[in-house]
Amino acid sequence: MGKDVIIACDFDSAEKTFAFLDRFEGLDRKPFVKIGMELYYAEGPSIVKEIKRRGHKIFLDLKLHDIPNTVKKSMAVLSRLDVDMTNLHAGGTIPMMEAALEGLTRPDGTRPILIAVTQLTSTDQEHMTKDLLIDHPVADVVMHYASNAKTAGLDGVVCSPLEAGKVHERCGADFVTVTPGVRFADGDKGDQKRVMTPAEAKKIGSDYIVVGRPITAAEDPVAAYNRCVAEFVD
Ligand code: C5P
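Residues numbered from 1 in each chain as written. Predicted model: local features only at pLDDT ≥ 70, side-chain atom pairs only at ≥ 80, totals over all residues. Heavy atoms only, no water.

Undergrad: Please clarify how the state of the cysteines should be interpreted in this entry.
TA: Where two cysteines share a covalent bond between their sulfur atoms, that bond is called a disulfide. Tallied over the entire structure, the rule returns zero disulfides. Not engaged in a disulfide, the cysteine C159 finds its nearest cysteine sulfur in C171; these two sulfurs lie 9.6 Å apart. Taking the relative accessible area as the measure of exposure, C159 reaches 5% and is therefore buried. (Disulfide = S-S within 2.5 Å. Buried < 20%, exposed > 50% of the residue type's maximum accessible area, 1.4 Å probe, protein only.)

Next up, the structure:
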């Protein structure tokens, strides 16, 4: 699996997104871009098509979770948008994940990479136990959901860089780990609690790092992106 740096384009309009992406025009390496709910709900499919037209790879981070039939049909629509990676909640169970894969697969057999969110990092033990009535340790639940994703035939999971090594141990070296929570050693952590530098994420075996504010809020976003690539990919 090719290692890459994915920039989280967490903007609320096409205007802001393109003002940001314009800075990267002419660079040898086209950044892989993550479009999340905020931007997709603001601008719809046209933002995906335009970013694709500019030659970027796209991770469409919409975290689907619904009955299998609805997820299957929705994934077929996303697949036609020609994204490179998309995701869902493993909590939708194995039949939902299998249906998603079916919907995502194009008539020629190709499909975007499909990864699962296990438990959101915002869900702590207390809320998992009290609100969801899941009384296993969070770490075990994360690994179990990763294993379910593998059983359903998915390509990998979103996880903290700290979990990437264990996920590979349990689900195999080819099982893709996409890890947010990345910060430069001399940078601001923001609201992320458990963070790693791009170099550490590389060492621990992450396949893709998702980096937002360390690049989008940097004085020189292109330099910050190049630094991520130098630490993580090169
Ligand atoms: O700005 P920052 O680098 O913290 O952005 C990280 C990106 O990864 C955001 O788009 C955030 O929503 C996403 N993410 C995360 N933690 C997760 C799952 C996704 O930070 N557990």
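Undergrad: What is the right way to look at the layout of surface pockets in this model?
TA: Unoccupied space between atoms shows up once a probe the size of one water molecule is rolled over them. In this model, the largest pocket occupies a volume close to 1200 Å³. If you go around the largest pocket, you meet 41 residues; those closest to its centre are L120, T121, P180, G181 and Q192. The set of elements that each furnish at least two residues to the lining of the largest pocket consists of β2 (32–36), α2 (37–43), β3 (58–64), α7 (138–151), α8 (161–171), β8 (208–211) and α10 (213–216). Among the elements that make up the lining of the largest pocket, the one with the highest residue count is α7 (five residues). Among the residues forming the lining of the largest pocket, the class breakdown is 18 nonpolar, ten polar and 13 charged. Volume-wise, the second largest pocket comes out at about 170 Å³. Every residue along the wall of the second largest pocket is listed here: R183, F184, G187, D188, K189, G190, R213, P214 and A217. Here the residues of the lining of the second largest pocket sort into three nonpolar, two polar and four charged. (1 Å grid on protein atoms, 1.4 Å probe; cavity = no way out; pocket = protein on both sides within 12 Å on 5 of 7 lines; lining within 4 Å. Points joined across faces, edges and corners; volume = space filled by probe spheres on them. Helix = DSSP H or I, 4+ residues; strand = E, 2+ residues; numbered from the N terminus. Nonpolar A, V, L, I, M, F, W, Y, C, P; charged D, E, K, R; others polar.)

Undergrad: What's the story with the side chain of D207 in this structure? I'm lost.
TA: Mapping D207 onto the fold places it in the loop between α9 (198–204) and β8. Notably, D207 is buried but unbridged: the nearest opposite-charge side chain belongs to K3, and the N-O separation is 4.8 Å. In this structure the side chain of D207 is engaged in a polar contact, spanning 2.8 Å, whose partner is the backbone nitrogen of T177. (Lys, Arg positive; Asp, Glu negative; His and termini not counted. Salt bridge = Lys/Arg side-chain N within 4 Å of Asp/Glu carboxyl O. Polar contact = N/O pair within 3.5 Å; in protein donor to acceptor, adjacent residues only side chain to side chain.)

Undergrad: Even after reading the chapter, I still don't get the site of the ligand, so can you show me in this structure?
TA: In the vicinity of the ligand, the contacting residues are A8, D10, K34, T121, P180, R183, Q192, V210, V211, G212, R213 and P214. Contact distances for the ligand include 2.9 Å between an oxygen atom and a side-chain N or O atom of K34. R183 has a polar side-chain atom sitting 2.8 Å from an oxygen atom of the ligand. Judged by its atoms lying within 2 Å of the grid points, the ligand is housed in the largest pocket. For the shell around the ligand, the secondary structure elements donating two or more residues are β8 and α10. Partitioning the shell around the ligand into residue classes produces five nonpolar, three polar and four charged. (Near = heavy atom within 4 Å. Sits in = over half its atoms within 2 Å of the grid points.)

Undergrad: Which parts of the structure should I look at to understand the nonpolar core?
TA: Within soluble globular proteins, side chains that are nonpolar tend to cluster in buried spots. Among the nonpolar cores identified, the biggest contains 61 residues, and L88 and I215 are the most heavily contacted of them. When residues of this core are assigned to their parent elements, the largest contribution, six residues, is made by helix α11 (residues 221–232). For I215, the contacting residues outside a window of four places in its chain are V5, I7, F20, F24, P221, A224, Y225 and C228. Judged by nonpolar contacts, the second largest core, of 13 residues, contains F59, M85, V117 and Y208. (Core = buried A, V, L, I, M, F, W, Y, C linked by side-chain atoms within 4.5 Å. Contact = heavy atoms within 4.5 Å.)

Undergrad: What is the right way to look at the packing of α7 against α8 in this model?
TA: Axis angle and axis distance: for two packed helices, these are the angle between their axes and the distance between the axes, and together they describe the pair. The contact between α7 and α8 brings their axes to 10 Å, and the two run at 45 degrees. In terms of their interaxial angle, α7 and α8 are classed as oblique. As α7 packs across α8, the resulting crossing turns out to be right-handed. On α8, the residues touching V142, M143, H144, A146, S147 and K150 of α7 are E163, K166, V167, R170 and C171. Among the residues making up the contact of α7 with α8, the classes are represented as five nonpolar, two polar and four charged. (Axes fitted to C-alpha atoms, helices over the stretch in contact; angles between N-to-C directions. Parallel < 35°, antiparallel > 145°, perpendicular 65-115°, else oblique. Left-handed = near helix turned anticlockwise from the far one by under 90°.)

Undergrad: Looking at this structure, I do not really get the environment of L81. What am I missing?
TA: Along the polypeptide, L81 turns up in the loop between α4 (68–80) and β4 (85–89). Assessed through its relative accessible area of 10%, L81 is described here as buried. A C-alpha to C-alpha distance of 9.9 Å links L81 and L60, two positions 21 residues apart in sequence. Apart from residues lying up to four places away in sequence, L81 is in contact with Y40, P45, V48, K49 and L60.

Coordinates in, geometry out; function isn't part of it.
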